[in-house]
Amino acid sequence: MFRPRSELLLFVVALLLAGAPTRSSAQQPTPDQAQRLLQTRPDLTAQLRDRIGASGLTPDQVRARLKAAGYPEDFLNAYLSGADTSKAARPDAKVLDAVRLLGVDLDNGSAPPAPPIVIEAVGPGLKLFGAEVFQRASSQFQPALSGPVDANYRLGPGDVLVLILTGDVELAHTLEVTREGFVVIPQVGQLYVANLRLAQLEDLLYDRLGTVYSGVRRGAKATTRFQVTVARLRTSQVYVVGDVRLPGSYQVSAAGTVLTALYAAGGPTENGNFRRVEVRRAGKLVDSLDLYDYLLHGNSSHDIRLETGDVVFTPIKGARVSITGRVVRPAIYELRPTETLRDLIQFSGGFEADALLRRVQINRILPPADRVKDGKDRVVIELSPNQFANGSGPAFTLQPGDEVTVFGVAPNRRGFVTLTGNVWVTGPIGYTAGMKLSDALRLAGGPKPDFYQGQVLVSRLQPDSTRIQLRSAFRDSLGALTQDLTLTDEDEIQVFSRSDFRPTRSIAVTGAVRAPGRLPFRDGMTLRDAILQLKGLTEDADLREAEIARLPKDRSHGEVATTIRVPLDSTYLFERGSDGSYFGPPGLAAMAKGAADVLLEPYDNILILRQPGWEMQRTVAIMGQVKFPGRYALRTSSDRISEVLQRAGGLTATAYPVGVAFFRQTDHSGRIGIDLPRLLADHKFRDNLILFGGDSLVVPEYNPVVMVAGAVNSPVTVAYVPGKNLTYYVQSAGGFTQSADASRAYVTQPSGAVKSTQRHFFLIPDGLPTPLAGAHIFVPEKVKDPNKNSSLASFAAIITSLATVLIVAIKP
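Residues numbered from 1 in each chain as written. Predicted model: local features only at pLDDT ≥ 70, side-chain atom pairs only at ≥ 80, totals over all residues. Heavy atoms only, no water.

### Some details on the pairing of strand 11 (residues 311-314)
Now for step 1: Alternating residues of strand 11 divide into Val312 and Thr314, all buried, and Val311 and Phe313, none buried.
Now for step 2: Inspection of the sheet shows strand 7 (residues 235-242) paired to strand 11 by four bridges, in the parallel sense. The partner of Val240 across the bridge, within strand 11, is Val312.
Now for step 3: In terms of strand pairing, strand 9 (residues 277-281) meets strand 11 through three bridges, oriented antiparallel. From the neighbouring strand, Val279 faces strand 11, where its bridge partner is Val312. (Buried < 20%, exposed > 50% of the residue type's maximum accessible area, 1.4 Å probe, protein only. Helix = DSSP H or I, 4+ residues; strand = E, 2+ residues; numbered from the N terminus. Pairing = 2+ DSSP bridges.)

### With respect to the sheet that holds strand 18 (residues 427-430)
Picture the strands of a sheet paired through backbone hydrogen bonds; they go either parallel or antiparallel.
Now for step 1: Ordered by their spatial adjacency, five strands build an open sheet running 18-17-21-19-20, and the pairing between neighbours is mixed. If you trace the sheet from one side to the other, it starts and ends with strand 18 and strand 20 (467-472), each paired once. Each adjacent strand pair in this sheet contributes to an overall mean axis angle of 25°, direction not counted.
Now for step 2: Alignment of strand 19 (residues 451-461) against strand 20, held across six bridges, turns out to be antiparallel. What sits directly across from Val458, in strand 20, is Leu470. (Axes fitted to C-alpha atoms, helices over the stretch in contact; angles between N-to-C directions.)

### Brief notes about the confidence of the model for the protein
Now for step 1: In the predicted model, the protein carries a mean pLDDT of 83, and the fraction of residues at 70 or more is 80%.
Now for step 2: Note on residues 1-31: pLDDT under 50 across the span, and 76 contacts to partners over four residues away in sequence or across chains.
Now for step 3: Segment residues 107-124 is flagged for pLDDT under 50; beyond a separation of four residues in sequence, or across chains, it makes 42 contacts in the model. (pLDDT = per-residue confidence, 0-100. Contact = heavy atoms within 4.5 Å.)

### Remarks on the pattern of salt bridges
Now for step 1: According to the stated counting rule, one finds 31 salt bridges in the structure shown.
Now for step 2: Across the salt bridge formed by Asp310 and Arg281, the nearest N and O atoms sit 2.7 Å from each other. Of this pair, Asp310 sits in the loop between helix 10 (291-297) and strand 11 while Arg281 is found in strand 9, placing the two residues 29 residues apart along the sequence.
Now for step 3: Asp310 sits in the buried class, given a relative accessible area of 1%.
Now for step 4: Between Arg664 and Asp695 there is a salt bridge, and its shortest N-O distance comes to 2.7 Å. (Salt bridge = Lys/Arg side-chain N within 4 Å of Asp/Glu carboxyl O.)

Okay, structure coming up:
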């Protein structure tokens, strides 16, 4: 059975064994609040697993403590390491109570998150130094509630000790320090241990145990030895107040320090003081902690241990200044009254390598006494360059709100020349006084073999930032210069390639090739070379000849191209078997070999001809009630329906030719209505169509029903009655609905032919179609016409006018 909630809360206070410090019960969320948080925080399951895992307890230890507290051993199995995370686990208030019993902090996870620190900034990304350390959710700066402890730890009420004796006697005692500061050792009696260090306790135990156990003594002659350790630390209730994110009372380990409490409270706010965190005990200041000592130097000498009733107070912030630019750690820093710019630079980690030490600027808000009426209450202070000669900066006094900017060196460079173009290594080259053009070319590896000898350009920078153009040339193909210019700093040298001036020459191949397109022209290229690069010919290529369109030698008469026919042969088919036979389909006969290679010229346009009338087999599908259904290949391009039906063996005895469905896959086609019975009786009938590849014809069985759909009261299938018209079948389907447009009802006959109602004088229907077996009747709904009333009124006016004319005409 579960323990009552009130008893469990008391038990939690006594059994805080591990994890982060928990806030006092006065600040714990109520069960109702916890239940609401569980519903709004679906991530709490993962957080519980993480927090239990971080507590240091093994699954076996968790189960043992649950059992001792009256819970089932497997109550928290879903949240232990190794659990199946694919199964949904929704923690309720009882689960939270059980987790708190283990000493795992749920306050920071189950309570509403504290508002984030709003960090004052003077530039993009500039943050308050030190604030992020306390904001990280992973920080668990909390000593374990189980030992060991250091030699300076002082014992107190609530600590649990383990005393082990070995040698002449073998004993182990668990000793809890009482409220009065005593421990009781069986056969030894009561010892007062409050405020003793472990070394002092050992001295006391030598005296008291020696009176009972004669073998307990100091030195090598001892026959009974003992060891005393702290098995479990007591907890202390402390108060964290002032400008912290979560002020309140906290339960911390007896080994907990000021930083322990600060981490639990989320650290100082944006208004909190990072340079002086005070510890007050019994109303007196016992110590203060400068967080910068801890954050910058790892010095925790003033991070004293807290005792029950201690108050950790964070005052309001001190003077803050910012430093940005080329320093290691740009941020907002808090300064003490005696600290200067030199200290600020040290806090920021010093200057970066590219810092311009002769340019450090301070943007200052003038104090009220120095402000003027024109509203210009800020001033820019430039510090003397020689003040930063030692690299640490001057002891310049800063004021609250000062913004220090350390500028970087300019990106401009000097002492180089730049080579571009047709040399082996392009880019900047270090310049030395008296350097020649030949020196720069040598350092760049020299010109490439196809360099242009006619000219080398040198662009020179003038003092007014303009450039003048100088030039030289190569004397020979070895790279010797006609004029070896003397270079100056930042000269730009450009060497050209002969290929830069060549036109892009190409050929184009179209027609029966696998990858038609354009190819770069190469001297000596043949037609066979081009076809090879385009993956060869297609199956329908005419291997007798090809056509080449070539640029004319003389355009004076308006000629834009000349065409020539060149011979081909079967050797242009590159895919062959081991015996030399061609793998592709048969075609027109071609020469086996002997066609001469054709040399191509730049810009040739080659057309590989296709065989006249060449194509793969055309097939049609003949399905349904024929004797041999299947896909039939057309023998000629003029085969008709009757001929292919004859090859399919004709119709079966159960075929219903009236219901034939003939489909064509060409554009704007689909089902085509044909009269198959008449077609079979007369092969010259117009419906005996010439077949195309992809056509399909399906002959159904006799189906003595008529489908009625659309705007009828009961869409249904009606048994076929020969001779009955559309009205009969609509009435059999419950008649027209109120929205039916009876005048536009139509019948799709089994053959696909569509028959509609015939309308004549005054749009009155006088011809109703007669459905055949297997037909479909569809009744559309009326189309809402906004101009219908006006049209009827106009029609009525016309009728009235006609009637008046007739009356006048026949009046005697």
